[in-house]
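# Analysis of the macromolecular model
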Amino acid sequence: MNGIKETLNFPIIIAKTTTRLLSLKLASLSSSSLRLFKAVLWKAARAVVFLSMDDIFSSEDDDHLFDLDYHPYARKRPLSSRLDCDEYDEPDDDETNRNKLYLVPYRWWREAQRSVFDQIGGILYTVSSNHGSGDSEIVLDLRKEESFTSRDKVEGVSGREYALVNEALWLRTLKWHNDSKTSIEDATYSHVSEVQSQELFPLQIRLSFSPETNLLLVKISLKDNAVDLYRRACIIFSSQSEPLQIWDFSGQTSQFLTNERINLPNISPRKPGKEVLLELNVHGFFVSTKESNERLAEWSKTENSPGKSRVKINKSSNSLSSYSTPDGASLFGSSYRGIGLLGLTGLQNLGNTCFMNSAIQCLVHTPQLVDYFLGDYRKDINHENPLGMNGELVLAFGELLRKLWAPGATPVAPRMFKFKLSKFAPQFSGYNQHDSQEFLAFLLDGLHEDLNRVKHKPYIEAKDAEACPDKEVADEYWQNHLARNDSIIVDVCQGQYRSTLVCPVCKKVSVTFDPFMYLTLPLPSTTMRTMTVTVFSTDGIALPIPFTFTVPKCGRLKDLLDKLSVACSLRSDEILLVAEMYKNQIFRLLDDPSDSLALIRDDDRLVAYRLPKVSETYPLVVFSHQQLERLNSFGVMASNWKPFGVPLVSRMQNLSSGFEIRNQFLKLLSPFLISVEDTLNDYDGDEIGNTVSETSKMEDIISPLVSDSDTGSDSVAENDFHLNTDFKFYLVDKMDPVEIKMNDPVQVSRFTKQLDVSVHWPDKMIEKYDTCLLSSLPEVFKTQLFTRRPQESISLYRCLEGFLQEEPLGPDDMWYCPRCKKPQQANKKLDLWRLPEILVIHLKRFSYSRFFKNKLETYVDFPIHDLDLSNYISPTDGQFSNRYQLYAISNHYGGMGGGHYTAFVDLGHGRWYEFDDDRVFPVSEDRIKTSAAYVLFYRRVKEV
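Residues numbered from 1 in each chain as written. Predicted model: local features only at pLDDT ≥ 70, side-chain atom pairs only at ≥ 80, totals over all residues. Heavy atoms only, no water.

## Some words on the overall build of the protein chain
Counting secondary structure elements, the protein chain contains 24 helices and 39 strands. Counting only residues that meet the buried cut, the protein chain has 46% of its 944 residues in that class. Within the protein chain, residue pairs in contact and separated by at least 24 positions form 73% of the contacts whose partners lie at least 6 positions apart. Accessible area of the protein chain: about 48,800 Å², with a carbon and sulfur share of 52%. (Helix = DSSP H or I, 4+ residues; strand = E, 2+ residues; numbered from the N terminus. Buried < 20%, exposed > 50% of the residue type's maximum accessible area, 1.4 Å probe, protein only. Contact = heavy atoms within 4.5 Å. Areas by Shrake-Rupley, 256 points an atom, 1.4 Å probe, with all protein chains shown as cover.)

This is the structure:
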């Protein structure tokens, strides 16, 4: 504890000392300045305290205890730093506003400009170079050539030509050259060869403007740069016979010639003669001439001579360590970082942000989005859209994308982006695990709103186009959508589908054409359900039999009847009447074929009665069973009639007397009669039962069957009286139940559709019938806990067919029928109509019920090189290709409560990489198909 106390006191001492040192100046501050000063000081002290606490209590071994998204190879932030993070204090975004300048060979830039860029104008400068005293400074005079101010006249320029571009243009050019080189490489190589690596190094330059001579002055000083960097600049900008010319395509230097404020760090409105220190990044210069080699050798001797001391920059000694090779492949070798394959930068996990990292890596490797955000996307920012973030979200995403595509970059911590996202979608604040597809949907929507080119959305009234052709209606819907939504996200990611609704009552048809950003395809396990229904026969022969089958989850009763009719071999002269049971009574009859199966729960119990096809004018007779229950309550014996078993149902034509009702009931009950053989076997196994005579046993067993004989004999009359005392029948459709006598007529109105009869069972009859078969009724679906299903494998096309098949709307998603003037559970059918350039497919792996949350580990076999949707799109217009190629996958490993997200990305030509937060490594194409695939990203393949 003493060590801890000493460590804790350390930042406090610093804070107090700092306060005492600065307290001398507080008296001269105003009250507002004083409050600001105290706030800044408190924030600084708080940061120091938290830093020390992290050093004490955090360790690599224990860090994962605070992180549900723990991964043994992922680098985590300390817990306290997560608490004191960008969610509460907005980070400084000075780095975001910087626009770096890059100097490249003009020919290198021009090759990509012809293929990648639109018409980009440039300003031509003629450069004269001279050296300061002692070869410690290079001075460049840039004079603007008025006759060359457009891109069309570039080809006529000769001499040593360089190009000055901003970071976005440089990255796009670099990506184009990188893709061109790797396209001819063998796909088995995971990196560009060392010979193709190009070098990039920074130069600190001082830029000023001279109003007298109308020149831009550039000074490159040895005191501002490392020795080797300065020497290389001398080679590039040395005076030679050929003139030096620089084309400015960045749009930055021209602002020095005007009174405008330019968007570079530390630059204020132009002041004559004031120097501005800038960083100029030089890329792509290889020196292999005889003159340059001689100068390098001379400088090397000078630097290493006894009379010369080495120049120290930032307390480190720098000198020339290597020289140009004859082929010009490298000038200073290890002194500069090489540029290899681009787009292989990982994202740090800020704490359960793997869901965000996975989706971002898929988006930043979308070709159209990469080209767009490496270009001048700021011109499209909509600062007036109330649904956007004034461009904050898109600026954070654009800056993050450029960092991820910068060469040689270390893993990026996306704190600024997460902070901006949390402002747009507060549910993503904090460090809880989220769904990558849900995050993707919010991000695409936020980027669209920030980049929406429509400043004022017009009001468009929906028209009734019932009699118009589908193509005209679809085009009108799409144009109306574009009139309100126009952005790069719409251009690339949005498609259109046709939605057809049919009212089940009046058959009204409604067709609309709606846009979509992604397709959520259900897996068969999420669209179908298993149901068990027990079928009761009314022929007096067959026992009840349960049948299990699968039906659509959002299907109708008609789907259940079709499956059940086949399963039980229903005859043509029979129908099925489905009833839901509750507490041994019929809770409701399902007699409408359009009833939704979603209303039937898994723990419900269903019965289907096989009835003959007779006129529905015959009343339906429902026999419910009652048995005597004896209770001992505080020493007092009490009894009451309690329902049991499953009611028996029959449709009767003749209801003239109670005798007909009794006979029909006995006929329905006859399959449950215990046979003589079963009874004898029971007694054979009972020693006490041997004392009972076989005659008495047979009499007790056969006595219920005597009622089926003719009524003319005295014995039949006697047996009728006996049975009359065994079962008692009551009508329960009145306020007070009325007993039905055998010979009394039954008064039934011709308008009666259902007759409810309660049957009281004496104990003697319960022993003669198998009431267990009558009472055992399985649930619709019994959830099996702790059972593992076998691995399923389905095709992506099958998932798509499930998405496009017709199904009824759920009870919570009713459609208001304009003809019926009320909500209806309409049938819905979707059809693909217009496909986007980038097709995002979300596999619906997570399912939810009242009691369970489940993730489906179904293996989906999805195409990689040729996803052909020609058979699934309605219009036959061949203007666009319907074939797609996979280029990214967002994976989810684990279950519902946690898990981990990664991404597979194709960098072109079959070179797949796995992005696991800050780790990036190659993976073979045959290993990207797994049951963890969650979101698939496809790009359209152009027809050859």
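Still to come is the rest of the account.
## Considerations on the packing of helix α12 (residues 415–424) against helix α13 (residues 436–451)
In contact at an axis separation of 11 Å, α12 and α13 are set at 85° when each is read in the N-to-C sense. Between α12 and α13, the angle falls in the class roughly perpendicular. On α13, the residues that touch Phe417, Leu421 and Phe424 of α12 are Phe439, Phe442, Leu443, Asp445 and Gly446. Taken together, the residues of the contact of α12 with α13 sort by class into six nonpolar, one polar and one charged. (Axes fitted to C-alpha atoms, helices over the stretch in contact; angles between N-to-C directions. Parallel < 35°, antiparallel > 145°, perpendicular 65-115°, else oblique. Nonpolar A, V, L, I, M, F, W, Y, C, P; charged D, E, K, R; others polar.)

## Here we look at the packing of aromatic side chains
Applying the stated criterion across every chain, the model contains 32 aromatic pairs. Ring geometry for phenylalanine 665 versus tryptophan 761: centroids 6.4 Å apart, planes at 85°, classification edge-to-face. In this pair, phenylalanine 665 sits in helix α18 (residues 658–669) while tryptophan 761 sits in strand β24 (residues 754–761), placing the two residues 96 residues apart along the sequence. Of the two residues, phenylalanine 665 and tryptophan 761, neither departs from the other in class, the shared state being buried. One aromatic cluster is present, built from ring pairs that chain together Phe355, Tyr372, Phe373, Tyr377, Phe397, Phe417, Phe428, Phe439 and Phe442. When the ring centre of tyrosine 431 is taken as reference, the NZ or CZ atom of lysine 418 above it lies at 4.5 Å. (Phe/Tyr/Trp six-rings, centres within 6.5 Å; stacked < 30°, edge-to-face > 60°. Lys NZ or Arg CZ within 6 Å of the ring centre and 35° of its normal.)

## So, the pairing of strand β35 (residues 883–893)
With nine of eleven residues buried, β35 is to be regarded as a mostly interior element. Pairing of strand β34 (residues 867–868) with β35 involves two bridges; the strand directions are antiparallel. In the sheet register, leucine 867 faces β35, and the bridge partner there is tyrosine 884. Pairing between β35 and strand β39 (residues 933–940): seven bridges, direction antiparallel. From the neighbouring strand, tyrosine 884 faces β39, where its bridge partner is arginine 940. In terms of strand pairing, β35 meets strand β36 (residues 900–906) through six bridges, oriented antiparallel. Paired with tyrosine 893 across the bridge in β36 is histidine 900. (Pairing = 2+ DSSP bridges.)

## Side note on the sheet that holds strand β29 (residues 827–834)
Ordered by their spatial adjacency, four strands build an open sheet running β13-β12-β29-β26, and the pairing between neighbours is antiparallel. Both outer strands of the open sheet, β13 (509–516) and β26 (807–808), are each paired with one neighbouring strand and no more. Two elements, strand β12 (residues 495–502) and β13, share eight bridges in a ladder whose sense is antiparallel. Of the residues in β13, the one forming a bridge with tyrosine 497 is aspartate 514. In this fold helix α14 (residues 470–484) packs onto β12, β13 and β29, with an angle of close to 45° to the strand it touches most, β13.

## Thoughts on the packing of helix α11 (residues 392–405) against α13
Contact geometry for α11 and α13: axes closest at 8 Å, N-to-C directions at 110°. The angle between α11 and α13 places the two elements in the roughly perpendicular class. When the axes of α11 and α13 are compared, the crossing they make is left-handed. Of the residues in α13, those touching α11 at Glu392, Leu393, Val394 and Phe397 are Leu443, Gly446, Leu447, Asp450 and Leu451. (Left-handed = near helix turned anticlockwise from the far one by under 90°.)

## Concerning the side chain of threonine 366
Position of threonine 366 among the secondary structure elements: in the loop between α9 (354–363) and α10 (367–373). Polar side-chain contacts of threonine 366 include one of 3.1 Å to the backbone oxygen of cysteine 362. Dropping the residues within four chain positions of it, threonine 366 is found in contact with Ile838 and Tyr887. (Polar contact = N/O pair within 3.5 Å; in protein donor to acceptor, adjacent residues only side chain to side chain.)

## Thoughts on α9
When you tally the buried positions in α9, you get ten out of ten residues, the bulk of the element. Inspection of α9 places Cys354, Phe355, Met356, Asn357, Ser358, Ala359, Ile360, Gln361, Cys362 and Leu363 among the buried residues, and these make up the whole buried set.

## Here's the deal with the pattern of salt bridges
Opposite charge on two side chains lets them pair, provided their charged atoms get close. What the rule picks out here adds up to 31 salt bridges. One salt bridge connects glutamate 392 with lysine 423, and the closest N-O pair in it is separated by 3.0 Å. Of this pair, glutamate 392 sits in helix α11 while lysine 423 sits in helix α12, and the two are 31 residues apart along the sequence. Between glutamate 574 and arginine 610 there is a salt bridge, and its shortest N-O distance comes to 2.6 Å. You can see glutamate 574 sitting in strand β17 (residues 574–582) and its partner arginine 610 sitting in strand β19 (residues 605–612), a full 36 residues away along the chain. Owing to a relative accessible area of 14%, arginine 610 belongs among the buried residues under this scheme. Put simply, Lys379, Asp380, Arg453, Asp486 and Asp491 are held in one network by salt bridges that share partners. (Salt bridge = Lys/Arg side-chain N within 4 Å of Asp/Glu carboxyl O.)

## Notes on the confidence of the model for the protein chain
Counting all residues, the mean pLDDT for the protein chain is 74, and 68% of those residues have values of 70 or more. Low pLDDT, under 50, characterises residues 295–338; the stretch is placed with 81 contacts to residues that sit more than four places away or in other chains. Taken together, the stretch residues 785–790 has pLDDT below 50 and engages in two contacts with residues farther than four places along the chain or on a different chain. (pLDDT = per-residue confidence, 0-100.)

## Quick notes on the environment of threonine 366
A residue is classified by how much of its surface remains accessible, and threonine 366, at 1% relative accessible area, is buried. For the pair threonine 366 and arginine 939, spaced 573 residues apart in sequence, the C-alpha to C-alpha distance is 8.2 Å.

## Some thoughts on the sheet that holds strand β16 (residues 545–552)
Taken in spatial order, the five strands of this open sheet run β16-β15-β19-β17-β18, and their pairing is mixed. Taken across any chain shown, the strands that pair with only one partner, and hence form the sheet edges, are β16 and β18 (585–590). In this sheet, adjacent strand axes meet at a mean angle of 40° when their direction is disregarded. Where strand β15 (residues 528–537) lies against β19, four bridges are found, and the strand directions are parallel. Bridge pairing in β19 places valine 535 opposite alanine 608. Taken strand by strand, helix α17 (residues 557–567) contacts β15, β16, β17, β18 and β19, and its axis lies near 135° from that of β16.

## A word on the nonpolar core
Of all hydrophobic cores here, the largest spans 75 residues; its most connected members are Phe417 and Phe439. If one sorts the elements of this core by residue count, α11 sits on top with eight residues. Sequence-distant contacts of phenylalanine 439, that is, excluding residues within four places in its chain, are made with Phe355, Met356, Ala359, Ile360, Phe417, Leu421 and Phe428. Of all hydrophobic cores here, the second largest spans 37 residues; its members include Leu668, Leu731, Trp761 and Leu777. (Core = buried A, V, L, I, M, F, W, Y, C linked by side-chain atoms within 4.5 Å.)

## Description of α17
Regarding α17, the residues found buried are Leu557, Leu560 and Leu564. Across the axial projection of α17, the buried residues extend over an arc of 60°, all falling on one side. Residues of α17 that are buried sit in contact with β15, β16, β17, β18 and β19. Trailing α17 by a residue or two, serine 569 shows a phi angle of about 55°, which is positive. (Arc of directions from axis to C-beta.)

## Regarding the pairing of β15
Across a regular strand the side chains alternate sides, sitting on one face of the sheet and then on the other. Of all ten residues in β15, eight are buried, a share of seventy percent or more. Of the pairings in the sheet, the one linking β15 to β16 comprises eight bridges and is antiparallel in character. The residue bridging valine 535 from the neighbouring strand is isoleucine 545, located in β16.

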